[in-house]
Every structure is written in structure tokens, then in C-alpha cells.
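Understanding the architecture of this molecule
Now for the letters of each chain:
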Amino acid sequence: MKITGIELGKLRVPLKTPFKTALRTVDHMEDVVIVLETDTGHTGYGSAPATAVITGETHGSIIEAIRTVIAPSIMGEDIRNLNRIVNLIQKSIFTNFSAKAAVEIAIYDLFAQSFGAPLYRVLGGGEPVISTDITISVDYIDKMVEDATRAVEAGFEALKIKVGKDLALDIQRVKAIAAAVSDKALLRLDANQGWTPKQTVMALRELESSGIELEFVEQPVRGDDVEGMKYITERVSTAVMADESTFGPKEVIDLIQMRGADIINIKLMKTGGISNAINIADIASLYDVECMIGCMLETSIGVSAAAHVAVAKSNIITRVDLDAPSLATLNPVQGGVTFDNAEIRISDAPGLGIENIEGLAMLDPGRVAAG
Ligand code: MG
């Protein structure tokens, strides 16, 4: 099974309600999709959203990186040589993690297809059903309480509450949501870098002393403020999770060794794909540091790949935050992984199991072929 070409396209899906964090508000998701062609007729799929405020990438940069650098570096390669191909992808260009992730996802899809097995099984197996939390966007208190109540009624057992806009109001938001649903769901807080270290300690002490139990607080301070993360981790009893503070395995090692976080949030778009997500899970496992697997606001192609990784590494990936598909008005991807509110179920189909992607608009000129 040799790589003969790559086609690029775009997939746009509207959201049920606008997604609001401390950093941005958006009403749809849009991915760059790659379709990897082989000489055996097998097709591999991968995708990447543009999350400029986090990874520094745009659709334009992702398309250009894949078309002119990453794709040519793996053209003609035999899919059986997975490690060699992954190495070529990772070394082809500096950073550009989402672009690399899109290509790696398609490569792993094909690698698993070459064994006729679902990807999670090729990665080591596991129970192909996982349960995700759901995001409660930052908003007026009443709206957040309403969204939280509705999520619990829909069967979600963990809520990820977005805060980080205004400290005093954030504390009120969490208290109101906790009063409404804390006996029915785990509460996770994601401040998306919106607080300072001292504000975080103050807010958490206030919440802790009012008897509110949070499962964790995610990335309360700026991603590059690892000293701030350490400051908080030392001072509060609530577990602290690193999201934007860690991209690849080296940052995870540094952060764990300096005790800058209790939990690591792994996202394929930060790690540059599946290979480093696995590296991080294995590193964290050595230190007994649990991980969550997360996603960007992205379609179910990349999220499916993350679900396969979560199943295969469930020993250490103990939390799942793969709610993007359930925030969308429809799932344009047929086959493979089913997203049914909190439940994510992987089928027995080979690879990622993707049969068809509705509404995929191919780019012109978007094709790179083996020369
Ligand atoms: Mg986050």
C-alpha cells in the first residue's frame, strides 16, 4: 500500500449554539480535510481546524504546509513503514502541529486499514465505548444554568464550564451551576488562560470553602506562564490541568517534573498527531499523571481519531472531552465512530471506518501526486 496522492478539501458544519470562551466566539466549525490516496485503492482521511489563537495556524497555513512541504515528503512511501512516515512528517517542517496532525491521522487510518482492523485495536486494543463531557459556554448566569441543566437531562455526567472573563462573575457562575446540578454531574472548570495566578488561587479557595467540589480547573493562566501554573498547583487542593501550557512530549516532561500541573490535556492538534499523543500518554503513565483527551472546535474526523487513541490508552487517559461533534447541528461523516450525546462508540470497521463525508468541498488546485 503506497501513497500515490493527497487531495485537500474543506468541510463546514454549523453549530447548534455559538461557542464562547474567554478567547473567542464562533458559530460554525470548518476543517481542512485531507484525502490520502494509495495504489491499492484504500483511502485515508485526516482533518485539522484552524485555531489561530492556540496553535498559530490558519486554513491557509495548514493547506500550504501540507501541499508544499508535508505531502511531498511522504509521497510514494509504503504505509507499512509507519514509524518512518511519522518521522518524515514530524521532521518536514517546524511547528505547524495541526497540519502535521491532519496528515498523521490519515496515515494511521491507512495503517490500521492495512491490517483490516479498527485503529484503536492496532494501537493496543481496549473497550470501544467512552463517555465525554460537554462544554457549557461562558454566558449570562441564567443561560449557563439552563445549558447545564439541559446537558444533565441529556445524559452528560461531566460538564466543562467555560469561565475566565470576569473573576467575580465567574465565581457566581460556578456557584449557580453547582447549586443546580452538582449532585448529578462532575464539574470541570476551563478558564482558557483568562485569570492570573493570584486570581485563580483566590477563586478556587472561595469555591473550595463554599463546599463546591470541582474535578479540576483547566489552564487558568496563560499557557507560557508555567511558573504561574506551579504557583497555583502548590496552593489549591483542586486538581490543576494543563492545556495550552503543553503541546508536545518535551513540555509535558518539563511540566510534570516541575509539578506545574496534576493532569495533562492531550489534543492531537497540539501534539502534531497521534504519534506524540501516544508518547505523551506513555510519559504521563510513567509518572502516574492522568490525562484527558480533548479536541478543538472541529468535525468528527479528527475527533474520531482522538477517540481511538483514548480507547487504546484508557489506562492513563481517564477523562474524555470530545464534545465537538455533539455541538454541531449534524455529523457529515458516515461510518466509524458514533457520537450520541455523552456516548462515543467505535465500530469494528477497519481504520477510522469513514465511508463518506457529506458536503466535503474539494479545493482547486488541491491535489499533490507522486511524481
Ligand atoms: Mg482548554
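Here the structure is a predicted model, which is why all the values come from computation and not from measurement.

1. Things to note about the domain arrangement of the chain
Once the domains are mapped, the chain shows domain 1 (3-116 + 358-369) and domain 2 (121-346). For domain 1 and domain 2, the distance between their C-alpha centroids amounts to 24 Å. Taken together, both faces of the contact between domain 1 and domain 2 bury some 3300 Å²; the carbon and sulfur share is 68%. Contact with domain 2 buries area across many residues of domain 1, yet Lys20, Met29 and Ile54 alone supply 18% of it, more than any other trio. Scanning the region where domain 1 abuts domain 2 turns up one salt bridge. The residue aspartate 139 makes a salt bridge to lysine 20 at a minimum N-O spacing of 3.1 Å.

2. Side note on the sheet that holds strand E14 (residues 337-340)
The strand order E4-E15-E14 describes an open sheet built from three strands, whose pairing is antiparallel. Every interior strand has two partners, whereas the edge strands, strand E4 (129-131) and E14, have only one. Each adjacent strand pair in this sheet contributes to an overall mean axis angle of 15°, direction not counted. Sheet contacts for helix H13 (residues 300-312): E4, E14 and strand E15 (343-346); angle to E14, the most-contacted strand, approximately 100°.

3. Here we look at the nonpolar core
Of all hydrophobic cores here, the largest spans 127 residues; its most connected members are Ile66, Ile107, Leu159, Ile264, Ile274 and Leu322. Residue contributions to this core peak at 11 residues, all from helix H4 (residues 97-113). Among residues more than four places away in sequence, those in contact with isoleucine 264 are Met241, Ala242, Thr246, Val252, Leu255, Ile256, Ile280, Val289, Glu290, Cys291 and Met292. If you look at the next biggest cluster of nonpolar residues, it comprises five residues, including Phe216, Ala239, Met241 and Ile263.

4. Regarding the pairing of strand E11 (residues 291-294)
Covered by surrounding structure in E11 are Cys291 and Ile293 together with Met292 and Gly294, the residues of both alternating faces. Where strand E10 (residues 263-267) meets E11, four bridges bridge the pair, whose relative direction is parallel. Its bridge partner being in E11, isoleucine 264 is matched across the sheet by cysteine 291. Here four bridges tie E11 to strand E12 (residues 317-321), and the two strands are oriented parallel to one another. From the neighbouring strand, glycine 294 faces E12, where its bridge partner is aspartate 321. For the crossover from E11 across H13 to E12, the handedness is right-handed.

5. Details of the coordination of the magnesium ion
Protein coordination at the magnesium ion comes from Asp190 (OD), Glu218 (OE) and Asp243 (OD), with a distance range of 2.2 to 2.5 Å. Mapped onto the polypeptide sequence, the residues donating to the magnesium ion form the spacing pattern D-x27-E-x24-D. In this pair, glutamate 218 sits in strand E8 (residues 216-218) while aspartate 243 sits in the loop between strand E9 (240-242) and helix H10 (249-257), placing the two residues 25 residues apart along the sequence. Classification of glutamate 218 by relative accessible area gives buried; the value is 0%. Residue classification places aspartate 243 among the buried positions, given a relative accessible area of 1%.

6. Thoughts on the packing of aromatic side chains
If you walk through the whole model with that rule in mind, you get two aromatic pairs. Relative to phenylalanine 247, the ring of phenylalanine 97 lies with its centre 5.8 Å away and its plane at 50°, an arrangement referred to as tilted. You can see phenylalanine 97 sitting in helix H4 and its partner phenylalanine 247 sitting in the loop between E9 and H10, a full 150 residues away along the chain. Judged by its relative accessible area of 22%, phenylalanine 97 falls in the partly exposed class. Over the ring of tyrosine 231 we find arginine 235, and its NZ or CZ is 3.7 Å from the ring centre.

7. Quick word on the pairing of strand E6 (residues 158-162)
With five of its five residues buried, E6 lies for the most part within the structure. A two-sided burial pattern is seen for E6, the buried positions comprising Ala158, Lys160 and Lys162 on one face and Leu159 and Ile161 on the other. Pairing analysis gives three bridges linking strand E5 (residues 134-136) to E6, with the strands arranged parallel. Looking at E6, one finds that isoleucine 136 is bridged to isoleucine 161. The handedness of the E5 to E6 crossover, carried by helix H6 (residues 141-153), is right-handed.

Conventions and cut-offs
- Residues numbered from 1 in each chain as written.
- Predicted model: local features only at pLDDT ≥ 70, side-chain atom pairs only at ≥ 80, totals over all residues.
- Heavy atoms only, no water.
- Domains from an automatic or database assignment.
- Buried area = accessible area lost by both parts, 1.4 Å probe.
- Salt bridge = Lys/Arg side-chain N within 4 Å of Asp/Glu carboxyl O.
- Pairing = 2+ DSSP bridges.
- Helix = DSSP H or I, 4+ residues; strand = E, 2+ residues; numbered from the N terminus.
- Axes fitted to C-alpha atoms, helices over the stretch in contact; angles between N-to-C directions.
- Contact = heavy atoms within 4.5 Å.
- Core = buried A, V, L, I, M, F, W, Y, C linked by side-chain atoms within 4.5 Å.
- Buried < 20%, exposed > 50% of the residue type's maximum accessible area, 1.4 Å probe, protein only.
- Right-handed = clockwise from strand over helix to strand, strands pointing away.
- Donors = N, O, S within 2.8 Å, 3.2 Å for Na, K, Ca; no water.
- Phe/Tyr/Trp six-rings, centres within 6.5 Å; stacked < 30°, edge-to-face > 60°.
- Lys NZ or Arg CZ within 6 Å of the ring centre and 35° of its normal.

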